[in-house]
Amino acid sequence: MEKELWKGNEAIAEAAIRAGCDCFFGYPITPQSEVPEYMSVHLPQHGGVFVQSESEVAAINMVYGAAGSGMRAMTSSSSPGISLKQEGISYIAGAELPCVIVNCMRGGPGLGTIQPGQGDYYQATRGGGNGDYRTLVLAPSNVQETVDFVQEAFDIADQYRNPVMIVCDGLIGQMMEPIEWHPIPKRKLPPKDWAATGRKSREHNNIINSLYMAPEDCDRHNHHLAEKYAAMAKNETRWQEHQCQDAEIVITAYGTPARIALTALEALRAEGVKVGLFRPVTLWPFPERALHNLAAASHVKAFLDVEMSSSGQMLDDVRLAVEGQKPIHYLGHAGGVMPTVEEMVDAAKAALKEVK
Amino acid sequence: MAIVYEKSKGLTDAELHYCPGCNHGIIHKLVAESLVELGLLDDAIGVCPVGCSVFAYNYFNCDMQEAAHGRAPAVATGIKRTHPSQAVFTYQGDGDLASIGAAEIVHAAMRGEKFTTIFVNNAIYGMTGGQMAPTTLIGQKATTCQSGRTVEQAGMPIRIAEMLSTLDGCVYAERVCVTDIANINKAKRAIKKAFEKQMNREGFTFIEVLSTCPTNWGMTPLKAIDWLKNNMIPYYPLGVIKETALKQAEVK
C-alpha cells in the first residue's frame, strides 16, 4: 500500500470524512485548528455539513442535535475547549447518543500553554461532566494510529450509542508522518431507529432525552448505563506490551511519551537493562487486568510511569491495577515539556537500583 | 352531532403539568395547531428547554429532543443543518433563552438558521421558584430581588425580539400575547407565518410570546393577565418587530 505524508490534524479530519462523518461542528483553538479548517473545505465536498460554532459549548450541543437526529457527528478541540464541552458530553452520554470527540491536548491548567500536554487524563477517563458516565477513550501515539482510531471511533460510538473520545496531543496534531489508509474492520451496527428525524409514518414519537424525574427511573437508567460500560470494558479494552516477557523494569506510558519510551527501551536494552513498555491504548476502559497480571510476574521488579503531567494522572490507574505488588516510580513533565529518552533511561536505572 | 372543537392532533394525550392560569398550555396548543394545519407535524423535530417547559417533549406529538439549559438553538442548528427539509423549532423560556442561552440564540439568528424559536417570556424563573430573569421588570419582585428589581443592581430588562431584529439573519420577529381571543388568534397567525417562512428557507424566525406566571407572580390567573397587560406590554410592545426576506449581504 502506498504511503502518504499527512499532518496529524488534517489526517484526523480526512479520516473522519472517510469514516462517513456527516457533520462537524468546531471552534478554533490551538493546536487543533487544522481540523475545522480542513473540514470546512473538504466535508461539504463530500455532502457533509460544516459549521463553525460561536463557542465550544455550542459546538458540542450542535453535535448533540445532529447525533440525536441520527447523524455521524464530530467535534474537536484542545484542552480548555474540551472543558467547555463537558456539559454537552454529559448530556450526550446520558441520552445515549454516538459521537466522536477529539482532544488535541495541550498544557494546563487554565490557558496553560499551546504545547503538548497530557493533563486531561482525569477529565477524559472519569467522565468529565456531571453524573455517572464514561466515554471510551482511545489514545494513539502516532499519526497512523490516530487515523485508524478516528475511523474506528465512529463505529464504536454507533455500536454502543456512546461518545468516543480520541486523546492525542499537540505533537501528534502538528506532526507530519507517512501513513497508509487501511481498511477498517467492519462492525455489525444496530439501526438508528431511535433517532428524532421527524416521525413520518412511524407510529410513535422518538424522544432524545437525559431527564428521568422519577428517582427509580433515574436509578434504573444509570444501572443500564453501567451495564453498557461493563460491556465496553469487556469488549473494547486495548493495550500494547513491548518486551515485557523478561522485563525487570516496566515503563507505563500512553500517547507521545509511549512513543519516546520505545527509544528509551532500545537504549536500555543496549546496555543490558531488562526493560519493557506497557502502553494503554484505551485509557478508559483501562487495561487493569493485564497490568495487574504483569505486576504479578516474578521477573517484574518495579514500574516507572511516564506522563506529560506534573505529578501523574494515569499513575492513579497504574496504582489501582498494580495493587501494591511492586513499587511504582514516576517521571513527568507538564506544560509542554516532554520527557526525554535520557531522563527515562536514568529514571528506569534508578528505579531498578532501588529494588536490587 | 357536529364536532365544533377538538384537541389538536399535534398534542399528545399526556396531562400538562403547568400551574393553573399559566399560558404555556395555550402556547403549546397554538404551536401544535400550526404544525398540523401546515401539514408539518410528521416532519417536525422540536427542541425543548430547561425550565417550566422542560417536559414539552411529552406534550408535542412529534419527534423531540431535550436540550441542556439555553442550548436549544445550538441543538436545533445541528438538527436543521443535517435535516434541511424538516420543520425544526425550539421552545424556550426567558431564563433559558435570554440569560444562559443568550450566546446561542444570538448566533443562531446571526447565521440565519432556518428554524423557528418560540420564546415564552413571563419575566421570571418559574420552575426554580420565582427568581429574577433578565426580562424581570424594574420594580417587579422576585425571590432574588425581594424588594423589586433595580437598575443599579441588575440593569434594565432585555428586549430580545428587538435585539435579534438587528441581525440580518433574523427575517421575522413578532411579539404576541395570549391574554384574550383576539390576541390568541394573532399569536396563532404569527406562529404559522414563522413556520411558513422557515419552510420557505428565508432565515431565522422568532416569536416572542408574553406569558403569565400566576404562581410566582403571586396573583390569581385573572390578576396576572391584567398585570401582563398593564406592565409587560408597555415595556415589551406587541406586534411585528421585523419582517424581511434575507438578502445576500453585499461584499464591497
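Residues numbered from 1 in each chain as written. Chains lettered and ligands numbered in written order. Predicted model: local features only at pLDDT ≥ 70, side-chain atom pairs only at ≥ 80, totals over all residues.

Counting its secondary structure elements, chain B contains 10 helices and 7 strands. For 252 residues, the compact-globule estimate of 2.2 N^0.38 gives 18 Å, and chain B sits close to it at 17 Å. With respect to the three principal axes, the spread of C-alpha positions in chain B is 65 × 50 × 30 Å. The buried share of chain B, taken over its 252 residues, is 54%. Considering only intrachain contacts with a sequence separation of at least 6, the fraction spanning at least 24 residues in chain B is 68%. (Helix = DSSP H or I, 4+ residues; strand = E, 2+ residues; numbered from the N terminus. Rg over C-alpha atoms; globule rule 2.2 N^0.38 Å. Buried ≥ 20, exposed ≤ 12 C-beta atoms within 10 Å, placed from the backbone. Contact = placed C-beta atoms within 7 Å.)

This brings us to the overall build of chain A. In terms of regular secondary structure, chain A is built from 12 helices and 15 strands. Overall size of chain A, expressed as C-alpha extent along the three principal axes, is 70 × 50 × 40 Å. Taking all 356 residues of chain A together, 54% fall into the buried category. Long-range pairs, those at least 24 residues apart, make up 79% of the contacts in chain A between residues at least 6 apart in sequence.

Once that is clear, we can look at the sheet that holds strand 10 (residues 239-242) of chain A. All names here are of chain A. Strand order in the open sheet made by the 5 strands is 10-12-11-14-15, with mixed pairing throughout. The strands lining the two open edges of the sheet, one partner per strand, are strand 10 and strand 15 (328-332). Averaged over all neighbouring strand pairs, the angle between strand axes comes to 20°, with direction disregarded. In the sheet, strand 11 (residues 249-252) pairs with strand 12 (residues 275-280) via 4 bridges, with the strands oriented parallel. In the sheet register, Thr 252 faces strand 12, and the bridge partner there is Phe 278. Here helix 9 (residues 255-270) sits on the sheet in contact with strand 10, strand 11, strand 12 and strand 14 (302-307), set at roughly 170° to strand 12. Here helix 11 (residues 314-322) sits on the sheet and contacts strand 11, strand 14 and strand 15; the angle it forms with strand 14, its principal contact strand, is near 160°. (Pairing = 2+ DSSP bridges. Axes fitted to C-alpha atoms, helices over the stretch in contact; angles between N-to-C directions.)

This brings us to the sheet that holds strand 4 (residues 73-77) of chain A. Sheets are built from strands that pair by backbone hydrogen bonding, the pairs being arranged parallel or antiparallel. Residue and element names in this part refer to chain A. Across the sheet, which stays open at both edges, the 7 strands sit in the order 3-2-4-5-7-6-13 with mixed pairing between neighbours. A single partner strand is all that each edge strand has here, and the edge strands are strand 3 (49-52) and strand 13 (282-284). Across this sheet, the average inter-strand angle for adjacent strands is 20°, counted without regard to direction. In this structure, strand 6 (residues 136-138) lies alongside strand 7 (residues 163-169), joined through 3 bridges in parallel fashion. Its bridge partner being in strand 7, Leu 136 is matched across the sheet by Val 164.

All names here are of chain A. Segmentation of chain A into domains returns domain 1 (4-236) and domain 2 (240-355). Using C-alpha coordinates to define each centre, domain 1 is positioned 28 Å away from domain 2. Residue-level contacts link 28 residues of domain 1 with 21 residues of domain 2. Sorting the residues of the side of domain 1 that touches domain 2 by element identifies helix 5 (121-125), strand 6, strand 7, helix 7 (170-174) and helix 8 (215-236) as the ones contributing at least two each. (Domains from an automatic or database assignment.)

Residues and elements named next belong to chain A. With an omega dihedral of -5°, the bond running from Gly 108 to Pro 109 counts as a cis peptide bond. Here Pro 109 shows up in the loop between strand 5 (99-105) and helix 5. Residue Arg 161 is not a glycine yet carries a positive backbone phi of 50°. The class of Arg 161 is partly exposed, set by 18 C-beta atoms lying within 10 Å.

Another point: helix 8 (residues 181-199) of chain B. Its 19 residues place the ends of helix 8 of chain B 27 Å apart at the C-alpha level, agreeing with the 27 Å of an ideal helix rising 1.5 Å per residue. For helix 8 of chain B, the full list of buried residues reads Ala 187, Lys 188, Ala 190, Ile 191, Ala 194, Phe 195, Lys 197 and Gln 198 of chain B. (Expected span 1.5 Å × (residues − 1).)

Before going further, it helps to spend a moment on helix 4 (residues 79-94) of chain A. Working note: α-helix, 3.6 residues per turn, so residues spaced by three or four point in the same direction. All names here are of chain A. Its 16 residues give helix 4 an end-to-end C-alpha distance of 22 Å, which sits within 8% of 22 Å, the value for a rise of 1.5 Å per residue. Taking the largest bend as the criterion, helix 4 deviates by roughly 45°, centred on Lys 85. Of all 16 residues in helix 4, 12 are buried; the element is thus mostly enclosed. Turning to helix 4, its buried residues number three or more, namely Ser 79, Gly 81, Ile 82, Lys 85, Glu 87, Gly 88, Ile 89, Ser 90, Tyr 91, Ile 92, Ala 93 and Gly 94. (Bend = angle between axes of the 7 residues up to and from the residue.)

Residue and element names in this part refer to chain A. Burial along strand 3 is one-sided: the face carrying Val 49 and Val 51 is buried and the face carrying Phe 50 and Gln 52 is not. By the bridge criterion, 4 bridges tie strand 2 (residues 23-26) to strand 3 in an arrangement that is parallel. Residue Gly 26 lies in a different strand from strand 3, and its bridge partner there is Gln 52. Between the parallel elements strand 2 and strand 3, the chain passes through helix 2 (residues 34-45) in a crossover that is right-handed. (Right-handed = clockwise from strand over helix to strand, strands pointing away.)

This part is about the interface of chain A and chain B. Each partner contributes residues to the interface: chain A has 34 residues there, and chain B has 28 residues. Of all the secondary structure elements, the ones that give two or more residues to the side of chain A that touches chain B are strand 2, strand 3, helix 3 (56-68), helix 4 and strand 9 (207-208) of chain A. Counting residues per element, the side of chain A that touches chain B draws most heavily on helix 3 of chain A, which supplies 8 residues. By residue class, the composition of the side of chain A that touches chain B is 16 nonpolar, 13 polar and 5 charged. Strand direction decides the pairing type here: strand 9 of chain A and strand 2 (residues 63-66) of chain B, joined by 2 bridges, are parallel. Note that in strand 2 of chain B the partner of Ile 207 of chain A across the bridge is Met 64 of chain B. (Nonpolar A, V, L, I, M, F, W, Y, C, P; charged D, E, K, R; others polar.)

Residues and elements named next belong to chain B. The buried fraction of strand 1 (residues 44-48) amounts to 5 of the 5 residues, a majority that puts the element mostly inside the structure. Residues Ala 44, Gly 46 and Cys 48 of strand 1 are buried on one face, and the alternating residues Ile 45 and Val 47, pointing to the opposite face, are buried as well. Looking at chain direction, strand 1 and strand 3 (residues 87-93) are connected through 4 bridges and run parallel. Residue pairing in the sheet places Gly 46 in a bridge with Phe 89 of strand 3. As judged from the 4 bridges shared by strand 1 and strand 2, these two strands associate in the parallel manner.

As a rule of thumb, soluble globular proteins bury nonpolar side chains together. Counting 187 residues, the largest nonpolar core has Val 63, Val 100, Ile 251 and Ala 348 of chain A together with Val 209 of chain B as its most contacted members. At 9 residues, helix 3 of chain A tops the list of elements feeding residues into this core. Looking at this core, you find at least three residues from each of domain 1 (4-236) and domain 2 (240-355) of chain A. Residue contacts for Val 100 of chain A: discarding those within four places in its chain leaves Ala 16, Met 74, Val 150, Ala 153, Phe 154, Ala 157 and Val 164 of chain A. (Core = buried A, V, L, I, M, F, W, Y, C linked by C-beta atoms within 7 Å.)

Take the environment of Ala 258 of chain A next. All names here are of chain A. Considering the arrangement of structural elements, one finds Ala 258 in helix 9. For Ala 258, a count of 24 C-beta atoms within 10 Å puts it in the buried group. Note: C-alpha distance between Ala 258 and Val 281 (23 residues apart in sequence) is 10.0 Å. Beyond its immediate sequence surroundings of up to four residues, Ala 258 is in contact with Ser 141, Ala 253, Leu 277 and Arg 279.

The next thing to look at is the packing of helix 1 (residues 24-37) of chain B against helix 8 of chain B. All names here are of chain B. In the contact formed by helix 1 and helix 8, the axes pass within 9 Å of each other and the chain directions differ by 45°. When the axis of helix 1 is compared with that of helix 8, the two are oblique. The element helix 1 and its partner helix 8 pack so that their crossing is right-handed. For the pair helix 1 and helix 8, contact is made by Ile 26, Leu 30, Val 31, Glu 33, Ser 34 and Glu 37 and by Ile 184, Ala 187, Lys 188, Ile 191, Lys 192 and Phe 195, respectively. Per-class residue counts for the contact of helix 1 with helix 8 are 7 nonpolar, 1 polar and 4 charged. (Parallel < 35°, antiparallel > 145°, perpendicular 65-115°, else oblique. Left-handed = near helix turned anticlockwise from the far one by under 90°.)

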